[in-house]
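Each chain, written out:
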Amino acid sequence: MIDVLAAEWLKLRTARSTLITLAVIVLAMAGICALAWYGAHTWDGLTESDRAHFSMAPLESLLLLVVEISVAVSAASTITGEYAGGMIRDTLIAVPRRGRVLAAKALVVGGVALVVGPTCVFAGSYASRAVVADRPIRAFADAGTHTTALLLAQSLAVVVAALVGFALGAALRSTTGTVTCLAGLLYVIPMVLQSLPAPWDRRVNSLTLDSLPGQLAGTGNPNSVYGSALPPAGAAVVSCLYVAVPLTVAAIRMRRGDA
């Protein structure tokens, strides 16, 4: 298994998609620093009455969306690229046990995401707070927006997104199909669910990927566009299901399907 893990790590770190993902994340980090500077600069130019109506959302939430989709697509390409180019046949010849191949790929993807997630989320939070400094900007400086528990939950969300992307890629064997599904899960479905009548909009939204970090940390806001109906344990179970279900489908297809 160690040799299989080493081989999968070599594939991941030498893939072009990995370099592109890192470049996108670096640009996103620079972008939120620029947004933080713009927000602080705007705040300094406002009157006291205008400041009462000025707000800025925590910027690590915006960074999280970029990191999630970037890492998820990169994770999916680790296996869809092999199917597209036929390299999966060589992989399965070298390692005939298909379950071991799938497990090794998932472990490498999850391990990398476990490093990338906290690094990006905590760096984004501290960098944006350093730029904004002690300015009491509404929403950005609210209690609970930069807690360690929430940042850890958002870091885990990156791992979940990476494993979901990988599992969908292994199940669908198509980069286009996987990216479409990921866009639906992360962006389209949450927006559609907001149009449901109350209280079902927030109840159903509690099950979406974007709503889980706040609920997992116990800081879900009932006034947020995302729901907060789940306790931390419930949010943890739903997060695990997001990974377990597509991984199970991927394992069944890999065992029974042709390469």
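Residues numbered from 1 in each chain as written. Predicted model: local features only at pLDDT ≥ 70, side-chain atom pairs only at ≥ 80, totals over all residues. Heavy atoms only, no water.

Examining the confidence of the model for the chain
The pLDDT averaged across the chain works out to 85; a share of 95% of its residues lies at or above 70. The spread of mean pLDDT over the elements of the chain runs between helix α9 (residues 200-205), the lowest at 78, and helix α7 (residues 148-172), the highest at 91. (pLDDT = per-residue confidence, 0-100. Helix = DSSP H or I, 4+ residues; strand = E, 2+ residues; numbered from the N terminus.)

Regarding the pattern of salt bridges
When charged atoms on two side chains of opposite charge get close, those side chains can pair. Counting across every chain of the model gives 6 salt bridges. For the salt bridge of Glu82 with Lys11, the shortest nitrogen-to-oxygen distance reads 3.1 Å. Here Lys11 lies in helix α1 (residues 2-14) and Glu82 lies in helix α4 (residues 59-85), a separation of 71 residues in the sequence. Relative accessible area serves as the criterion here: at 22%, Lys11 is assigned to the partly exposed category. For Asp44, the salt bridge identified is with Arg135, shortest N-O distance 2.9 Å. Note that Asp44 is positioned in helix α2 (residues 16-44) and Arg135 in the loop between α6 (98-132) and α7, a separation of 91 residues in sequence. (Salt bridge = Lys/Arg side-chain N within 4 Å of Asp/Glu carboxyl O. Buried < 20%, exposed > 50% of the residue type's maximum accessible area, 1.4 Å probe, protein only.)

Examining helix α11 (residues 232-256)
It helps to recall that an α-helix has 3.6 residues per turn; residues three or four apart then point in one direction. If you check α11, its first and last C-alpha atoms are 36 Å apart, about what 25 residues at 1.5 Å a residue would give, namely 36 Å. Among the residues making up α11, those that are buried are Gly234, Ala235, Val238, Ser239, Val243, Pro246, Ala250 and Met254. Considering only its buried residues, α11 is in contact with α4, α6, α7 and α10 (212-216). (Expected span 1.5 Å × (residues − 1). Contact = heavy atoms within 4.5 Å.)

Considering the packing of aromatic side chains
With the rule as written, the count across this model stands at 2 aromatic pairs. Geometrically, the ring pair formed by Trp43 and Phe54 is tilted, given 6.4 Å between the ring centres and 50 degrees between the ring planes. Remark: Phe54 occurs in the loop between α3 (48-51) and α4 and Trp43 occurs in helix α2; sequence separation between them is 11 residues. For the pair Trp43 and Phe54, a shared accessibility class is recorded, and that class is buried. Aromatic side chains Phe122 and Tyr126 sit 6.2 Å apart centroid to centroid with 45 degrees between the ring planes, which places their arrangement in the tilted category. With Phe122 and Tyr126 both in helix α6 and 4 residues apart, the pair spans about one turn of that helix. By relative accessible area, which is 16% here, Phe122 ends up buried. Relative accessible area serves as the criterion here: at 45%, Tyr126 is assigned to the partly exposed category. (Phe/Tyr/Trp six-rings, centres within 6.5 Å; stacked < 30°, edge-to-face > 60°.)

What about the side chain of Gln154?
Counting through the fold element by element, Gln154 comes out in helix α7. Exposure remark for Gln154: the relative accessible area of 5% places this residue in the buried category.

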